[in-house]
Protein chains: 2
Amino acid sequence: MTIIEKLSALRALMKERNIEAYFIPTSDFHETEYVGEHFKARAYMSGFTGSQGVLAICQDCAALWTDGRYFIQAENQLEGSTIDLMKQGEEGVPTVEEYLYDHMSENAILGFDGRVMNTTLVEKIASKLNEKNITFACHEDLVGMIWNDRPELPNKPGFFLEEKYSGKSTKDKMADIRKEMQKHGAQYHIITALDDIAWIMNMRGWDISHYPVMLSYLVIGMDSATIYIDEAKLTDELRKNFADNQVEVHAYDAIYEEVKAIRGVVLLDKNIVNYAIIENLDKEIQIVNCPNPSQLMKSMKNPVEQENNRIVHIKDAVAMCKFMYWLKTNVGKEKITEISASDYLEQLRKDQGCFDLSFDTISAYKEHAAMMHYHAEEDTDVELQPEGMLLVDSGGQYLEGTTDITRTFVLGPISDEIRFHFTTALRSNIALSKAHFLYGCRGLNLDILARGPLWDLDLDYKCGTGHGVGHVLNVHEGPNGFRWRIVPERNDSCVLEEGMTQSNEPGVYIEGSHGIRHENEMVVRKGNKNEYGQFMHFETITFVPFDLDGVDASLLTSYEKAWLNDYHAQVYEKVSPFLTEDEREWLKTATRSI
Amino acid sequence: MTIIEKLSALRALMKERNIEAYFIPTSDFHETEYVGEHFKARAYMSGFTGSQGVLAICQDCAALWTDGRYFIQAENQLEGSTIDLMKQGEEGVPTVEEYLYDHMSENAILGFDGRVMNTTLVEKIASKLNEKNITFACHEDLVGMIWNDRPELPNKPGFFLEEKYSGKSTKDKMADIRKEMQKHGAQYHIITALDDIAWIMNMRGWDISHYPVMLSYLVIGMDSATIYIDEAKLTDELRKNFADNQVEVHAYDAIYEEVKAIRGVVLLDKNIVNYAIIENLDKEIQIVNCPNPSQLMKSMKNPVEQENNRIVHIKDAVAMCKFMYWLKTNVGKEKITEISASDYLEQLRKDQGCFDLSFDTISAYKEHAAMMHYHAEEDTDVELQPEGMLLVDSGGQYLEGTTDITRTFVLGPISDEIRFHFTTALRSNIALSKAHFLYGCRGLNLDILARGPLWDLDLDYKCGTGHGVGHVLNVHEGPNGFRWRIVPERNDSCVLEEGMTQSNEPGVYIEGSHGIRHENEMVVRKGNKNEYGQFMHFETITFVPFDLDGVDASLLTSYEKAWLNDYHAQVYEKVSPFLTEDEREWLKTATRSI
């Protein structure tokens, strides 16, 4: 079917049901950052394949909202579809709520699949449309009715993450969560965030590319619990862990019926729990709306997770160092493109035990790197030359942890301006790496350390300086991170607690010219405690050389040089034992003192 | 009368009125930071003379709360008074509310003078005592009834601050305030903050030492206004300015009766407006409780104020440089003490046109400087020797502006540790001075620039890094400042706006050994605006050498050295024309490039 045919089929279904407008977000039932193939309804209906966007369809018009990263792509993909592009955040562009308000009649019905809409979003739309007394039809998935070749829900069995990797039993995690429930006076806790459930149950799986989670819901009572999941995907170990912890297994979609029976006080996070679940709760129930307690617990990596994470970062560094050696030795001698380079790196990671990438690799040459979310496709792929720079942002999923690293490689001659930017962004990374601060600080207190050297040049990067990283889980996780302003929906401005792991990735992006990013992962550690309070600092756990070919040493302070030389000495010490003779010799030079 | 006699006289008055407990804070009718002699009721009743503290008196017990700065002083001054010392913030010490709750009966009466209690404080006490159904008697000043030799309210005439100093007419200021009242839907605005009234009315006076304000209240309606002030203190110019702006003059204490007639919506700040005024308002009135709009307006210095401020800071720098020359040349040769040094400096300031100090000078030698609020008295005064350091924190009130500066002078040999601390605190000051940031930043985003170098040594200073400074007004003013955590009652964490003027004063305080503080004033300025936003930076307006005898140049980065050398070159250029030949020669060396 063409997009126009799909729209017309959907409109017919809408008409039959007296639905005036239909709303299609980009989400699964769990508000996951990236969704599996089964859930790409917005892409199916619009043809626009970007990772972010919402679609609204009326009888005689339709519009798609997406953000600045995707304006060009969306314009191309929407051509001929009759769907209007709404450039989110641009002046004069209405919000979805405003658009629906303008195009809908009094007392009309807005349709959507309540399972793919988080409750906060629905409440936001409702607060605008209430003025016209518009009601919701949220129990039918109209896209599902016309999508004949829809990919099935995934069915590959997951696996139990042994305690030598997870460091904490489900029993202990559930006990901690029940303590938090008690503090809130809650008898029940509904959890639909896949990473929280995976963490609590020490369970991992293959349901979403790069995110090793399993589609499921979890309801925890004070002395009972139920997980809603496709039984076919369970292994004996997973089954045993559930049984050992008195967790009953019910069918994945049974939750919608069963939550109707819940009585008492329920703790849940409306920013995540979908509207269909909330709709089915008894109206007398009292909801305590707050972040899942597991979110903060999960972010504070335990000693076993930290130790595994240190180990896996060496494995990942071995892959990265071999890649760097190969790239810098062979560029200009054999044909290497953005895509072939990232494929080569992927293989090196797999050799180290990586079972999946932690996100789609960004391999961006020269001006491509100025696009922060560039992803090389066949039609954009270019051959690397012995000049300019290649930015590679990549990471892997291993049983011992999740990695995320960016290096910008100098392939040959670069301009003075590029060297200046390269060195300044490195000074930014070093300043945040060296941060030493009192307990109580948040990312917003520290962000200027990284941004400062670039702000000094009237430059900035239009994103946070760093994000929390999961453990054998999502490469982006809350509630920690670095950002100078609080952005509530980003949920990354908490007080930095020991064990939290986050990226440090300042960069310079000059449109049409070049992009630079230097990214390490760092763990929050306690230092001395004295009359002033508890001092904290970061332990950097990524060990790959920053390309000294891009560095103007005269711009570095003695403090920065000392940090860099010490860091590079550690890189050599930790990584060299796993390299070939040639690689080792090269690494010696790449990590030389400057 | 002895304290015991005073307490017994007060208790007799309480008994007659059936008042079970009486509460005496440290405040005037305007919640001013420092109060005039007439208002020192807590000191009169307790014998404790510190600048902060509250006193609660029951029939058979009495207690005084004060903070860590004053524990030793209070212990000494309360000896034999029968008043218990409550060390605020120490573990196990009850708050005043808890104390009153424990010592008072159900349905009893708590007495206080409603004019010296801000409304937020009364509401806080009420929320605790309501549980016991305790009511308030707030219309009588019992201390006033027994205080026979109470100092009169001040009666020296104030003066009109000409527009060449203020830069903005009362007319324009009132128009701006009325616009803000309109935004809040308010017909009336009650202002009791003396600095706000002084700013709006371009009026200054002598009612509080170091704070050039006049005791008054102001009620602004949409097309009328009334100032409540002692008419005897008005000059013709002040009278004319009131008349030109349709501001009626009523007796100082007439406000309490007249506010009863106000109807409509009233904008006021409960953190400042006293409880007696609120009590007298019609109960049907709607209060919009928010900061006085004049507070933010006042903090953003206008171009004329900024220009005057630049001029006065050169005058102040001339006094400071002459002082520094004299001190460093004569120490060990003639007898100089902490007090005689500060007297000498005061005279130098007066020679420059200073009409009052902006606060009591801190002149603290060696270990005295480790006490951040040390004030030399006859019994603590010491003679300066040609060794160690003298910390001098001082400032002046001039018609052109208000100054606040700290320098730490090296008088002779110092230890390596002191030199290290001196240099590190200077690096802290420089880092904040050089800050270059995007519009939207608050003090909490920038604070780590100053604190970072000290945090790196596991050191900290237990105060903000800087405070807003008034213009021919309070040396401490909100809502701007530098602090890494938001402390609501400090009111110094706003977004930094162009023209805001604040101190930059990191320090090191090692008990029993030494204290170092380097303080400059800086004005927020706009820089370039580009695709990333509006860049901002600081213009330093204090021009006095940092004592290079304390600096270990090897610890400074090239960036820091460049800043310092450039700063010192400016000091020489701006100040040397006003010095004698000898002083000029000395300044040349004191500002040499390192």
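Model, not experiment: these values are computed from the prediction.

Criteria and thresholds
- Residues numbered from 1 in each chain as written.
- Chains lettered and ligands numbered in written order.
- Predicted model: local features only at pLDDT ≥ 70, side-chain atom pairs only at ≥ 80, totals over all residues.
- Heavy atoms only, no water.
- Axes fitted to C-alpha atoms, helices over the stretch in contact; angles between N-to-C directions.
- Helix = DSSP H or I, 4+ residues; strand = E, 2+ residues; numbered from the N terminus.
- Parallel < 35°, antiparallel > 145°, perpendicular 65-115°, else oblique.
- Contact = heavy atoms within 4.5 Å.
- Nonpolar A, V, L, I, M, F, W, Y, C, P; charged D, E, K, R; others polar.
- Phe/Tyr/Trp six-rings, centres within 6.5 Å; stacked < 30°, edge-to-face > 60°.
- Lys NZ or Arg CZ within 6 Å of the ring centre and 35° of its normal.
- Expected span 1.5 Å × (residues − 1).
- Buried < 20%, exposed > 50% of the residue type's maximum accessible area, 1.4 Å probe, protein only.
- Pairing = 2+ DSSP bridges.
- Salt bridge = Lys/Arg side-chain N within 4 Å of Asp/Glu carboxyl O.
- Least-squares fit on C-alpha atoms with pLDDT ≥ 70 in both.
- Buried area = accessible area lost by both parts, 1.4 Å probe.
- Polar contact = N/O pair within 3.5 Å; in protein donor to acceptor, adjacent residues only side chain to side chain.
- Core = buried A, V, L, I, M, F, W, Y, C linked by side-chain atoms within 4.5 Å.

A. Molecular detail of the packing of helix H16 (residues 416-433) of chain A against helix H18 (residues 558-575) of chain A. Residue and element names in this part refer to chain A. Closest axis-to-axis distance for the H16/H18 pair is 10 Å, and the angle between their directions is 80°. Classed by the angle they form, the pair H16 and H18 counts as roughly perpendicular. Contact residues: Leu426, Arg427, Asn429, Ile430 and Ser433 in H16; Glu560, Trp563 and Leu564 in H18. Its residues placed into classes, the contact of H16 with H18 shows 4 nonpolar, 2 polar and 2 charged.

B. Focus on the packing of aromatic side chains. One pass over the structure, following the stated rule, counts 48 aromatic pairs over all chains. Ring geometry for Phe159 of chain B and Trp206 of chain B: centres 5.7 Å apart, planes at 45°, overall tilted. Of the two residues, Phe159 of chain B sits in strand E7 (residues 159-160) while Trp206 of chain B sits in the loop between strand E9 (203-204) and strand E10 (217-221), which places them 47 residues apart along the sequence. By way of ring pairs, the aromatic residues Phe29, Phe39, Tyr217, Tyr252 and Tyr256 of chain A are connected into one cluster. Stacked on the ring of Phe546 of chain B, the Lys or Arg Arg407 of chain B has its end atom at 4.0 Å from the ring centre.

C. Structural view of H16 of chain A. The terminal C-alpha atoms of H16 of chain A, which comprises 18 residues, lie 26 Å apart, in line with the 26 Å expected from a rise of 1.5 Å per residue. Burial runs high along H16 of chain A: 13 of the 18 residues are buried.

D. A look at the sheet that holds strand E17 (residues 389-394) of chain B. Residues and elements named next belong to chain B. Spatial strand order, E16-E17-E20: 3 strands in an open sheet with antiparallel pairing. Of all the strands in the sheet, the pair left with one neighbour each is strand E16 (362-365) and strand E20 (405-410). Geometrically, the sheet is characterised by an average inter-axis angle of 10° between neighbouring strands, direction not taken into account. Bridge analysis of E17 against E20 gives 6 bridges, and the strand direction is antiparallel. In the strand pairing of E20, Leu390 is matched with Phe409. Against the sheet, helix H14 (residues 303-330) touches E17 and E20, its axis set at about 15° to E20.

E. Fine view of the pattern of salt bridges. One pass over the structure, following the stated rule, counts 80 salt bridges over all chains. The salt bridge involving Lys233 of chain A is made with Asp207 of chain A; its shortest N-O contact spans 2.6 Å. Remark: Asp207 of chain A occurs in the loop between strand E9 (203-204) and strand E10 (217-221) and Lys233 of chain A occurs in the loop between strand E11 (225-228) and helix H10 (236-244); sequence separation between them is 26 residues. In this pair, the class of Lys233 of chain A matches that of Asp207 of chain A, namely buried. Between Glu539 of chain B and Arg525 of chain B there is a salt bridge, with its nearest N and O atoms 3.3 Å apart. Separated by 14 residues along the polypeptide, Glu539 of chain B in strand E28 (residues 533-540) and Arg525 of chain B in strand E27 (residues 520-530) bring together distant segments of the chain. Taken together, the shared-partner salt bridges in this structure form one network comprising Asp195, Asp196, Lys298, Lys301 and Glu477 of chain A.

F. Structural detail: the relation of the copies chain A and chain B. The two copies are related by a screw motion: chain A maps onto chain B through a turn of 180° and a shift of 0.0 Å along the axis, at an RMSD of 0.0 Å. One copy is carried onto the other by what is essentially a two-fold rotation axis. No C-alpha of chain A lies nearer the rotation axis than that of Asn445 of chain A, which sits 2.5 Å from it. Mapped onto chain B, 100% of the interface residues of chain A again fall at the interface, so both copies present the same surface.

G. Representation of the interface of chain A and chain B within the structure. Contact residues are listed per partner, giving 30 residues for chain A and 30 residues for chain B. Contact between chain A and chain B buries roughly 2,900 Å² in total, counting both sides, with carbon and sulfur atoms accounting for 54%. The interface formed by chain A and chain B contains 2 salt bridges. Where Lys462 of chain B meets Glu531 of chain A, a salt bridge forms, and the shortest distance between an N and an O atom there is 3.9 Å. Our count for the chain A to chain B interface comes out at 16 residue pairs in polar contact (both at pLDDT 80 or more).

H. The environment of Ser358 of chain A, seen in detail. Residues and elements named next belong to chain A. By the element assignment, Ser358 lies in the loop between strand E15 (356-357) and strand E16 (362-365). What makes Ser358 buried here is its relative accessible area of 0%. As for Ser358 and His210, which are separated by 148 residues in sequence, their C-alpha atoms are 4.7 Å apart. Discounting residues that sit within four places of it in the chain, Ser358 has contacts with His210, Gly395, Gly396, Gln397, Thr402, Thr403 and Val475. Engagement of the side chain of Ser358 in a polar contact is seen with the backbone nitrogen of Gly396, the distance being 3.4 Å.

I. Spatial organisation of the pairing of strand E8 (residues 188-191) of chain A. Residue and element names in this part refer to chain A. Where E8 meets E10, 4 bridges bridge the pair, whose relative direction is antiparallel. Paired with Tyr188 across the two strands is Gly221, which belongs to E10. Inspection of the sheet shows E8 paired to strand E13 (residues 265-268) by 2 bridges, in the parallel sense. Note on E13: the bridge partner recorded for His189 is Leu267.

J. Here's a closer look at the nonpolar core. Residues Leu446 and Phe538 of chain A together with Leu446 and Phe538 of chain B are the most contacted members of the largest nonpolar core, which totals 150 residues. When sequence neighbours within four positions are dropped, the list of residues in contact with Leu446 of chain A reads Leu432, Ala435, Phe437, Cys441, Phe482, Leu496 and Phe538 of chain A together with Ile448 of chain B.

K. Examining the packing of H14 of chain B against helix H19 (residues 581-590) of chain B more closely. Residues and elements named next belong to chain B. For the pair H14 and H19, interaxial distance at closest approach is 10 Å and the crossing angle is 85°. Considered as vectors, H14 and H19 are oriented roughly perpendicular to each other. Taken together, the residues of H19 that come into contact with H14 (itself represented by Cys321, Lys322, Met324 and Tyr325) are Asp582, Glu583, Trp586 and Leu587. The residue makeup of the contact of H14 with H19, split by class, is 5 nonpolar, no polar and 3 charged.

L. Inspection of unusual backbone geometry at higher detail. Residue and element names in this part refer to chain A. With an omega dihedral of 0°, the bond running from Gly478 to Pro479 counts as a cis peptide bond. Although it is not a glycine, Thr82 adopts a positive phi angle of roughly 70°. With respect to the helices and strands, the residue Thr82 is situated in the loop between helix H3 (71-78) and strand E4 (84-87).

M. Highlighting the sheet that holds E16 of chain A. All names here are of chain A. Judged by pairing direction, the sheet is antiparallel, and its 3 strands sit side by side in the order E16-E17-E20 without closing on themselves. The sheet terminates laterally at E16 and strand E20 (405-410), the two strands that pair on one side only. Ignoring which end each strand starts from, the neighbouring axes of this sheet average 10° apart. Pairing of E16 with strand E17 (residues 389-394), which is carried by 4 bridges, proceeds in the antiparallel orientation. Across the sheet, the residue bridging to Ala364 is Leu391, located in E17. Along the sheet face, helix H14 (residues 303-330) touches E17 and E20 and points at about 15° away from the line of E20.

N. Molecular detail of the pairing of strand E1 (residues 21-24) of chain A. Residues and elements named next belong to chain A. Burial along E1 is two-sided: Ala21 and Phe23 and Tyr22 and Ile24, pointing in opposite directions, are all buried. Relative to strand E5 (residues 109-111), E1 is paired through 2 bridges, and the arrangement is parallel. Paired with Tyr22 across the two strands is Gly111, which belongs to E5. Bridge count for E1 against strand E2 (residues 54-58) is 4 bridges, and the pairing is antiparallel. Bridge assignment links Ile24 to a residue of E2, and that residue is Leu55.

From the geometry alone we can't say anything about function, so treat these as descriptive.
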